[in-house]
Amino acid sequence: MELDEKIKQLIPKMKEMVERTKKTGLEHGFIVCEAPHRIEEFIGKKNSIELGNCRAGEKMSIMFHTHPSGLPIPSHVDEKISEKLGAEINCIGTDEGIFCIIKKGGRVFEAEL
């Protein structure tokens with residue numbers, strides 16, 4: 001499946017997590033691991049979240065988390081963590097929208113809420 005299609009399938013889940021963040025003021029997120037396909041959710045703090053890693057033998061295809069305020073742009077720390085975990089796609093969501101960086105080819109994917 002194309003990476004853009006993977007993102008599109010997860011937009012409803014991303015929007016749901018943005019809504020959770022609006023209600024709780026906390027960051028919410030998930031990772032998508034492949035081989036087998038698995039989604040794991042996480043709840044963070046007001047301005048931080050610790051996303052787990054995929055299990056041995058799995059590959060992380062997507063990491064997503066919310067920011068309680070501001071623009072949906074990955075911070076420098078978000079990018080470092082994405083690199084460390086080997087995520088193919090790094091997405092951030094706020095009430096302003098959803099922004100994803102696709103590592104392969106350096107493309108960007110944006111979705112409005």
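### Examining the side chain of T66
- Here T66 lies in strand β3 (residues 59–66).
- On the accessibility criterion, T66 (0% relative accessible area) is buried.
- A distance of 2.6 Å separates the side chain of T66 from the side chain of T21, its partner in a polar contact.
- A polar contact is formed between the side chain of T66 and the backbone nitrogen of H28, at a distance of 2.8 Å.
- When neighbours within four sequence positions are excluded, T66 is seen to be in contact with M17, V18, T21, L26, E27, H28 and G93.

### Observations regarding the nonpolar core
- Judged by nonpolar contacts, the single largest core of 15 residues is most densely connected at I7, M14, F30, F64, I89, C91 and C100.
- Those elements that provide at least two residues to this core are α1 (3–24), β1 (28–34), β3, β4 (89–94) and β5 (97–102).
- At six residues, the largest contribution of residues to this core is made by α1.
- If you look at the next biggest cluster of nonpolar residues, it comprises ten residues, including C54, M60, M63 and L85.

What counts and what doesn't
Residues numbered from 1 in each chain as written. Predicted model: local features only at pLDDT ≥ 70, side-chain atom pairs only at ≥ 80, totals over all residues. Heavy atoms only, no water. Helix = DSSP H or I, 4+ residues; strand = E, 2+ residues; numbered from the N terminus. Buried < 20%, exposed > 50% of the residue type's maximum accessible area, 1.4 Å probe, protein only. Polar contact = N/O pair within 3.5 Å; in protein donor to acceptor, adjacent residues only side chain to side chain. Contact = heavy atoms within 4.5 Å. Core = buried A, V, L, I, M, F, W, Y, C linked by side-chain atoms within 4.5 Å.

Geometric values such as these leave the question of function open.
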